[in-house]
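Notes for the structure review
Chain by chain, the residues run as shown.
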Amino acid sequence: MLELRHIKKSYDNVTILEDINLKIQDGEIVSILGPSGCGKTTLLNLVLGLTPADQGQILFDGKDITKVPMEERGFNIVFQDYALFPNLNVYKNITYGLRNKPDISTKEEVDEFIELLGLKEHLNKKIDQLSGGQKQRVALARTMVMKPKILLLDEPLSALDGVIKESIKEKIKEIARDFHLTTIIVTHDPEEALTLSDKVLIVNQGHISQYGAPEEIITAPSNNFVKEFILNQLEIKRNNIFALFHQDLTRNAQVV
Ligand SMILES: Nc1ncnc2c1ncn2[C@@H]1O[C@H](COP(=O)(O)OP(=O)(O)OP(=O)(O)O)[C@@H](O)[C@H]1O
Ligand SMILES: [Mg+2]
């Protein structure tokens with residue numbers, strides 16, 4: 001279990017996160033949802049160990065890891081901008097982390113991740129020859145082969161849309177379930193958060209607005225922010241879909 005106790009973080013005397021308390025069970029998929037600038041990436045970086053907290057504790061399996069350096073925590077992240085190596089081909093990108101730690105994954109296991117993420121036919125390509133969705137899958141594969149104890153994903157689907165987005169969402173779920181991998185995903189899309197995760201953490205202005213299962217968030221939003229931010233956005237989306245549908249109907253009617 002991962003536990004954050006009274007975590008506080010400021011940058012240049014501006015409080016970014018205030019008194020964050022949180023428990024994430026092993027194997028759970030948790031989405032962090034909130035508006036731009038509310039502190040989502042900062043929260044991931046704190047868990048990863050890239051950024052130190054000003055106050056509070058981080059515990060993993062009951063052990064205090066607040067001061068444990070990033071490399072020793074054994075967590076791993078897929079960054080918002082993928083951060084792939086443009087001069088290496090897909091295969092070399094995927095296996096990059098194994099150069100110095102070859103024992104973490106066998107050749108068969110690497111092949112399994114490549115297969116699972118549908119990257120077999122792209123292994124010799126350079127990164128700039130890939131689509132956004134393919135790059136995203138390379139970034140996922142590169143992280144997965146390192147078998148992190150916790151997988152952190154910063155907006156992994158934001159550059160994608162439609163069918164590709166759905167298929168990668170399914171892959172993430174599948175991998176998390178098959179490997180019993182604790183996964184924390186940042187997003188600012190309520191629909192993505194509610195459909196992908198076991199629990200949703202809603203952050204607003206450095207505070208936890210609500211933390212609960214998707215059903216709970218939908219049926220019992222704990223304050224106005226949750227209501228407005230989440231439910232209104234879903235409503236807007238739904239209305240847009242209806243509007244499009246209606247347009248289509250009207251157009252078809254005219255054709256007839
Ligand atoms: N290294 C830093 N130094 C100073 N301020 C920072 C630093 N990193 C982040 N901030 C500030 O902290 C706040 C939260 O940033 P963060 O990147 O965590 O937001 P976010 O929720 O991930 O936003 P987005 O959805 O746009 O990615 C922002 O106001 C940002 O300007
Ligand atoms: Mg961010």
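Look above for the structure.
Residue positions are given per chain, counted from 1 along the sequence in the order it is written. Here the convention is simple: chains get letters from A, ligands get numbers from 1, in the order in which they are written. The predicted origin of the model limits local features to residues at a pLDDT of at least 70 and limits the giving and counting of side-chain atom pairs to 80 or more, whereas totals for whole chains, interfaces and linings rest on all residues. Neither water nor hydrogens contribute to the side-chain values; these are computed over all heavy atoms in the structure.

1. Focus: the site of ligand 1
Taken together, 13 residues lie around ligand 1, and Ser36, Gly37, Lys40, Thr41 and Thr42 are the ones closest in. Within the side chain of Ser36, a nitrogen or oxygen atom sits 2.6 Å from an oxygen atom of ligand 1. Each helix is a run of H or I in the DSSP string that is no shorter than four residues. Each strand is a run of E no shorter than two, and both are numbered from the N terminus. With three residues, helix α1 (residues 40-48) is the single largest residue contributor to the shell around ligand 1. Charged residues are taken to be Asp, Glu, Lys and Arg, nonpolar residues to be Ala, Val, Leu, Ile, Met, Phe, Trp, Tyr, Cys and Pro, and polar residues to be all remaining types, Gly included. Residues of the shell around ligand 1, tallied by class, amount to four nonpolar, six polar and three charged. Nearness is defined per residue: one heavy atom within 4 Å of the molecule or strand is enough. Whenever a nitrogen or oxygen atom comes within 3.5 Å of another N or O atom, the pair is scored as a polar contact, on the condition that within protein one atom can donate a hydrogen and the other can accept it, and that pairs from neighbouring residues in sequence are kept only if both atoms are in side chains.

2. A short note on the layout of surface pockets
Empty space among the atoms becomes apparent when a probe as large as a water molecule is rolled across them. Estimates place the volume of the largest pocket at around 740 Å³. Both site types are read off a 1 Å grid over the protein atoms alone. A 1.4 Å probe that fits but cannot get out defines a cavity, while an open set with protein on both sides within 12 Å along at least five of seven lines defines a pocket; lining residues have an atom within 4 Å of a point. As for the largest pocket, its lining consists of 24 residues, and the residues nearest its centre are Phe75, Asn76, Gly97, Lys101 and Met146. Considering every element that reaches the lining of the largest pocket, the biggest residue donor is strand β6 (residues 75-78), with four residues. Grid points are joined across faces, edges and corners, and a volume is the space filled by probe spheres set on the points.

3. Considerations on helix α4 (residues 107-116)
A 1.4 Å probe rolled over the protein chains alone gives each residue an accessible area, and that area as a share of the maximum for its type sets the label: buried under 20%, exposed over 50%, partly exposed in between. Those residues of α4 that fall on the buried side of the exposure criterion are Val110, Phe113, Ile114 and Leu116. One side of α4 carries all its buried residues, which in axial view fall inside an arc of 170°. Exposed and oriented more than 90 degrees from the buried face of α4 are Glu108 and Glu115. At the C-terminal side of α4, Gly118 shows a positive phi close to 65°. By arc we mean the arc of the directions from the helix axis to the C-beta atoms, nothing more.

4. Notes on the sheet that holds strand β9 (residues 199-204)
Taken in spatial order, the six strands make up an open sheet running β6-β7-β8-β3-β9-β10, and their pairing is mixed. Looking at strand neighbours, the two that pair on one side only are β6 and β10 (207-212), the edges of this open sheet. Within this sheet the neighbouring strands show an average axis-to-axis angle of 20°, counted without direction. Note on pairing: DSSP must find at least two bridges between two strands before they are called paired. The pairing of strand β7 (residues 150-154) with strand β8 (residues 182-187) spans five bridges and is parallel. Pairing of Leu151 across the sheet is with Thr183, part of β8. Think of each axis as a best-fit line through the C-alpha atoms, taken over the contacting stretch in the case of a helix, with angles from 0 to 180 degrees between the N-to-C directions.

5. Details of the packing of aromatic side chains
Side-chain rings of Phe, Tyr and Trp, where Trp is taken by its six-membered ring, are said to pair if the distance between their centres is within 6.5 Å; with planes under 30 degrees apart they count as stacked, over 60 as edge-to-face, and otherwise as tilted. Under the counting rule described, the total for this entry stands at four aromatic pairs. Consider the rings of Phe85 and Tyr96, whose centres lie 4.3 Å apart with planes at 45°: the pair is tilted. Separated by eleven residues along the polypeptide, Phe85 in the loop between β6 and α3 (90-94) and Tyr96 in the loop between α3 and α4 bring together distant segments of the chain. Relative accessible area serves as the criterion here: at 28%, Phe85 is assigned to the partly exposed category. Here Tyr96 falls in the partly exposed class, since its relative accessible area comes to 29%. The rule is short: NZ of Lys or CZ of Arg within 6 Å of the ring centre and within 35 degrees of the ring normal puts a charge over the ring. One Lys or Arg, Arg99, reaches over the ring of Tyr96 and ends 3.8 Å from the middle of that ring.

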